[in-house]
Amino acid sequence: MKARVSIHRDFEISEIDDRVYSAFLEHLGRAVYGGIYEPGHPTADADGFRGDVLELVRDLDLPLVRYPGGNFVSNYDWTDGIGPREDRPVRLDYAWRTTESNAMGTDDFVRWCRKAGTEPMLAVNLGSKGFTEALAMLEYCNHPGGSYWSDLRRKHGSADPHNVKVWCLGNEMDGPWQMNHRTAYEYGRIANEVGRGMKTFDPTLELVACGSSHAHMPTYPSWEAEVLDECYDSVDYISLHTYWDNYEGDYLNFVAKSVPLDRYIHTVGGIIDYVKAKKRSKHDVFISFDEWNVWYHNRKQDEKDIGTSVWKEAPPLLEDVYNFEDVLLVGCAINTFIRRSDRVKVACIAQLVNVIAPIMTENGGPAWKQTIYHPLRLASIYGRGRALGVAVDVPTYDVQVADDVPYLDASAVLAPDGKTVTFFLVNRHPDEAMTLDIGMAGFEAKAVSEHTTIAHPDLRATNTAKHPDRVKPAKGKGVSVRDGSVRGKLQPRSWHMIRIAV
Ligand code: AHR
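Before going into details, it helps to say that this report is about the structure given with it.

Rules behind the numbers
- Residues numbered from 1 in each chain as written.
- Predicted model: local features only at pLDDT ≥ 70, side-chain atom pairs only at ≥ 80, totals over all residues.
- Heavy atoms only, no water.
- Helix = DSSP H or I, 4+ residues; strand = E, 2+ residues; numbered from the N terminus.
- Rg over C-alpha atoms; globule rule 2.2 N^0.38 Å.
- Contact = heavy atoms within 4.5 Å.
- Areas by Shrake-Rupley, 256 points an atom, 1.4 Å probe, with all protein chains shown as cover.
- Lys, Arg positive; Asp, Glu negative; His and termini not counted.
- Charge placed at Lys NZ, Arg CZ, Asp CG, Glu CD.
- Patch = residues over 30% accessible without salt bridge, like charges linked within 9 Å, V, L, I, M, F, W, Y side chains within 5 Å.
- Salt bridge = Lys/Arg side-chain N within 4 Å of Asp/Glu carboxyl O.
- Buried < 20%, exposed > 50% of the residue type's maximum accessible area, 1.4 Å probe, protein only.
- Pairing = 2+ DSSP bridges.
- Near = heavy atom within 4 Å.
- Polar contact = N/O pair within 3.5 Å; in protein donor to acceptor, adjacent residues only side chain to side chain.
- Expected span 1.5 Å × (residues − 1).
- Phe/Tyr/Trp six-rings, centres within 6.5 Å; stacked < 30°, edge-to-face > 60°.

When its secondary structure is counted, the protein chain shows 11 helices and 26 strands. For the protein chain, whose C-alpha radius of gyration is 23 Å, the value lies close to the compact-globule estimate of 23 Å for 502 residues. Its C-alpha atoms give the protein chain principal-axis dimensions of about 70 × 60 × 40 Å. The long-range share in the protein chain, meaning contacts at least 24 apart out of those at least 6 apart in sequence, stands at 76%. When the accessible surface of the protein chain is summed, it comes to about 18,700 Å², and 49% of that surface belongs to carbon and sulfur atoms. Side-chain charges of the protein chain comprise 57 positive and 70 negative groups, with the mean position of each set lying 3 Å from the other.

So, about a nonpolar patch on the surface. A cluster of nonpolar side chains, L92, Y94 and W311, forms an exposed patch at the surface whose accessible area comes to about 280 Å². When you line up the elements, L92 lands in strand β5 (residues 91-93).

Turning our eyes to something else, we now look at the pairing of strand β10 (residues 237-244). Counting buried residues in β10 gives 8 out of 8 residues, a clear majority hidden from the surface. Where burial is concerned, the two faces of β10 agree: the one with Y237, S239, H241 and Y243 and the one with I238, L240, T242 and W244 are both buried. One ladder, built from 2 bridges, connects strand β9 (residues 206-209) with β10; its direction is parallel. Looking at β10, one finds that V208 is bridged to Y237. Of the pairings in the sheet, the one linking β10 to strand β11 (residues 286-294) comprises 7 bridges and is parallel in character.

A few words now on the site of the ligand. Close contacts around the ligand come from F24, E26, G70, N71, W96, N171, E172, Y243, E291, W295, Q351 and I356, and that covers them all. At 2.6 Å, a side-chain N or O of E26 approaches an oxygen atom of the ligand. Contact distances for the ligand include 2.9 Å between an oxygen atom and a backbone N or O atom of N71.

Buried residues dominate β11, accounting for 8 of its 9 residues. As paired strands, β11 and strand β12 (residues 344-350) are joined by 4 bridges and run parallel to one another. Across the sheet, I287 pairs through a bridge with V344, a residue of β12.

Its 18 residues place the ends of helix α5 (residues 184-201) 25 Å apart at the C-alpha level, agreeing with the 26 Å of an ideal helix rising 1.5 Å per residue. When α5 is considered as a whole, its buried residues turn out to be A184, Y187, G188, I190, A191, N192, V194, G195, G197, M198 and K199. In this structure, the buried side of α5 is in contact with β7 (119-124), α3 (131-142), β8 (166-169), β9 and α6 (222-231).

With that out of the way, let us pick up the packing of aromatic side chains. The geometry of two aromatic rings is summed up by the distance between their centres and the angle between their planes. The full count for this structure, using the stated rule, is 20 aromatic pairs. With 6.4 Å between their ring centres and 65 degrees between their planes, Y37 and F49 make a pair best called edge-to-face. You can see Y37 sitting in the loop between β3 (22-24) and α1 (51-60) and its partner F49 sitting in the loop between β3 and α1, a full 12 residues away along the chain. Each of the two residues, Y37 as well as F49, counts as buried. A connected cluster of aromatic rings, assembled from ring pairs, spans Y220, W244, Y264, F289, W292 and F337.

The next subject is the pattern of salt bridges. For the structure on display, the rule yields 38 salt bridges. Two residues, E193 and R189, come together in a salt bridge whose shortest N-O distance is 3.3 Å. Here the residue E193 and the residue R189 both occupy positions in helix α5, the gap between them amounting to 4 residues, near one helical turn. Residue E193 is classed as partly exposed on the basis of its relative accessible area of 24%. Here K278 and D229 are joined by a salt bridge, their closest N and O atoms 2.9 Å apart. Separated by 49 residues along the polypeptide, K278 in helix α8 (residues 258-278) and D229 in helix α6 bring together distant segments of the chain. On the basis of relative accessible area, K278 is assigned to the partly exposed category, the value being 41%.

Spelled out as structure tokens, the structure:
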């Protein structure tokens with residue numbers, strides 16, 4: 001099969017916001033306890049943070065980590081997690097029906113972020129709590145001192161404000177599973193009032209209103225239109241979430257699931273424009289895709305586990321073990337975020353550690369990289385700069401989730417120094433190699449500075465504590481620059497990063 005890819009120096013889509021390479025961490029299962037925080041672990045530091053996990057997180061170079069939920073946040077009292085640990089109350093978490101010790105809280109998380117080389121993206125509870133608690137949390141985090149809440153933070157050991165810039169106004173408020181779920185009108189109203197309050201404190205804050213939990217919600221896409229109608233000028237982003245399963249076990253259908261993702265972003269982009277026009281507003285709203293991932297490997301078991309682990313503390317929940325096939329869909333999803341960088345400014349893989357996550361740990365034992373860690377890391381490091389428009393001429397196929405799915409999925413990024421163009425490519429074809437020909441109009445393609453590939457003969461291959469390196473990046477072969485074009489061969493079912501010096 002032949003694939004022709006064309007880019008042009010002058011055909012730029014947008015500056016890619018670095019924050020599309022962010023992640024999400026919730027008080028859920030062993031994400032926090034046994035994940036990032038485990039005092040007594042051989043690698044734990046004086047704060048109880050696991051050093052092995054910190055190292056793997058630092059290596060991902062994540063601009064933001066969203067916290068503390070997720071569904072958890074809608075029944076969370078943030079004041080339970082501050083102050084001396086011995087005084088913090090033990091509570092029941094109604095989202096996951098577990099017991100929350102509150103050993104980790106806001107100050108601890110911000111301290112962890114500083115060590116992990118990332119910034120916190122905090123969510124306020126707009127389920128069981130509201131305006132007063134959200135404003136108190138903001139003042140506690142960001143006011144320098146001289147007020148009740150800021151002085152309390154200082155008393156708890158953080159003299160400097162945490163300076164949290166990005167705030168989520170609740171989580172998945174469209175979902176009937178959410179504690180104190182609301183209608184679009186009710187949620188839009190409270191998001192507007194809380195947003196106005198927070199912006200009165202600091203107009204430079206960036207606020208995220210809840211969009212749809214997924215594109216199959218019965219309220220999608222009128223939810224976005226109604227919510228934004230209420231709060232458009234008080235917020236900066238509308239969030240979207242999506243998770244992909246593969247219950248049908250159909251490889252070609254599974255790796256095509258990034259195509260409806262593109263449509264989802266396109267539709268919500270249109271709704272943003274519609275509300276902006278309706279309001280005659282000059283303000284821009286973008287998309288924060290703050291939960292996305294593959295999630296199904298353990299999902300059926302999860303339902304049982306949630307039933308049998310009722311009120312346990314940090315039980316293992318949602319511990320999906322990712323395989324090589326997932327690398328391909330994750331790679332296509334990241335390509336979609338790059339191609340839609342004009343709309344999507346924040347994207348958080350969900351989640352970060354143990355819970356549907358690129359990093360896994362054993363309590364008291366090792367931490368390792370799941371298969372999906374690798375495409376995320378390489379895109380996070382080399383996918384920064386300006387997204388270029390990519391035209392792909394390749395045969396297509398039709399499956400249940402989409403028609404005309406190209407066998408090659410591609411994105412292209414011009415590095416900030418203008419000296420490298422990086423292509424992220426996925427050959428979706430199950431058994432045919434692809435002859436690649438990339439035309440780079442307006443560039444002088446000099447040489448292949450790097451070709452890294454992720455491939456494995458077994459789609460079901462996984463990384464485990466015992467075999468952490470079954471699926472990992474390797475040096476690619478057979479791609480070269482000839483007569484100003486990039487030529488090569490991509491083996492079937494493979495992910496590639498090809499960096500061209502220009
Ligand atoms: O990431 C797991 C859960 O998925 C989150 O708590 C919720 O926001 C979503 O439904």
